[in-house]
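One letter stands for each residue in the lines below.
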Amino acid sequence: MIKISPSVLAADFSVLRREVQDMERAGVSMIHLDVMDGHFVPNLSFGAPVIRSLRPHSGLVFDVHLMISDPLRYVEDYAAAGADIITFHLESDSGPAETIRKIKGLGKKAGLALKPATPWQEALPYLDELDMAVVMTVEPGFGGQKFMADMMPKVKALREEAVKRGLPLDILVDGGIAPGTAAQAVENGANVLVAGSALFGRPDYSAAVRELLQAAQPGAAGGRGQTEKE
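Treat the numbers as computed from the prediction; the structure is a model and nothing was measured.

Would you explain the nonpolar core in this entry?
Within soluble globular proteins, side chains that are nonpolar generally end up buried alongside one another. Core analysis: the biggest nonpolar cluster contains 66 residues, and Val 8, Leu 33, Ile 51, Val 64, Ile 177 and Leu 193 have the highest contact counts within it. When sequence neighbours within four positions are dropped, the list of residues in contact with Val 64 reads Leu 33, Val 35, Ile 51, Tyr 78, Ala 83, Ile 85, Ile 86 and Thr 87. In terms of nonpolar packing, the next biggest core, distinct from the first, is built from 10 residues, Ile 85, Ala 113, Val 138 and Leu 172 among them.

What should I look at first to understand helix α7 (residues 205-215) in this one?
Two residues of an α-helix separated by three or four positions point the same way, owing to the 3.6 residues in each turn. Listing the buried residues of α7 in full gives Tyr 205, Ala 208, Val 209, Leu 212 and Ala 215. Summarising the axial view, the buried residues of α7 lie within an arc of 135 degrees, below the 170-degree limit, and thus occupy one face. Considering only its buried residues, α7 is in contact with β1 (3-6), α1 (16-25), α6 (182-187) and β8 (192-195).

Any chance you could explain the packing of aromatic side chains here in plain terms?
Geometrically, a pair of aromatic rings is defined through the distance of the ring centres and the angle of the planes. For the structure shown, the criterion picks out 2 aromatic pairs. Both rings, one in Phe 13 and one in Phe 46, keep their centres 5.9 Å apart while their planes meet at 45 degrees; by these two values the pair is tilted. Separated by 33 residues along the polypeptide, Phe 13 in the loop between β1 and α1 and Phe 46 in the loop between β2 (30-36) and α2 (48-54) bring together distant segments of the chain. Taking the relative accessible area as the measure of exposure, Phe 46 reaches 9% and is therefore buried. Between the aromatic rings of Phe 200 and Tyr 205, the centroid separation amounts to 5.8 Å while the plane-to-plane angle is 90 degrees, which identifies the pairing as edge-to-face. An identical accessibility class is assigned to Phe 200 and Tyr 205; each is buried. Lying across the ring of Phe 62, Arg 55 places its NZ or CZ 3.6 Å from the centre. Taking NZ or CZ as reference, Lys 115 lies 4.4 Å from the ring centre of Phe 40, over its face.

Rules behind the numbers
The numbering scheme is per chain: residues are counted from 1 as the chain's sequence reads. With the structure being a predicted model, the display of local features is reserved for residues of pLDDT at least 70 and the display and counting of side-chain atom pairs for 80 or more, all residues being used for whole-chain, interface and lining totals. Think of the side-chain values as coming from all heavy atoms in the structure, minus any hydrogens and water. What is meant by a nonpolar core is a set of buried Ala, Val, Leu, Ile, Met, Phe, Trp, Tyr and Cys residues, joined one to another through side-chain atoms within 4.5 Å. Residue burial is assigned from relative accessible area. The probe radius is 1.4 Å, only protein chains are included, and a residue is buried under 20% of its type maximum, exposed over 50%, and partly exposed in between. Should any heavy atoms of two residues lie within 4.5 Å, those residues are considered in contact. Note on conventions: DSSP H or I runs of at least 4 residues are helices, E runs of at least 2 residues are strands, and numbering of each starts at the N terminus. Regarding the arc, it is the one traced by the directions from the helix axis to the C-beta atoms. The rule is short: rings of Phe, Tyr and Trp, with Trp giving its six-membered ring, pair when the centres are within 6.5 Å, and they are stacked under 30 degrees, edge-to-face over 60, tilted in between. Here, a charge over a ring is recorded when the distance from Lys NZ or Arg CZ to the ring centre is within 6 Å and its angle to the ring normal is within 35 degrees.

Shown next, in the form of structure tokens:
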């Protein structure tokens, strides 16, 4: 099943609770919350207090993406704030195995994200312990970038390895997902799609979600994806 995870970075932060609830009514099952520290990536976004304030107002799975230098130090904070899935970057300063164990020990699902320059093979030692692998199809930390279609072999290789090992691994593609790029990600093995401006800011969120799901069907998008932006 294809899952859509709207990225709140594209939402109207002045009415963030309403935005999240509107996406829930539109039929998505999860919401993507990007945490940036201004160090691991150049920009700042929000932290655990924002997630904690949203948690009582939504039944969505909170898909928290830590773009921070030392995720191990903060995993407990985000678990307590209401995260359901905690994803951290392989390129961060925290030891991957220890960070995964910490997340799982707190009863949360663990995700591992790879920047575009990071070979997919670097995730292999941790794959058996992961719930989700995240392939960045833009450089993390900025919205509005072009979808990097040359990341699709990485998605395909991770899916093939998961199938080979018999793992029920979610593979999430993050960056530049829109109706013109979604099918490429799905055709190569992704089953979770993060989308920002393709969903938030649209006049009808339900229609936008349906459009993206329809476009994500294999073969639906042809070769258009290379020019789409998040």
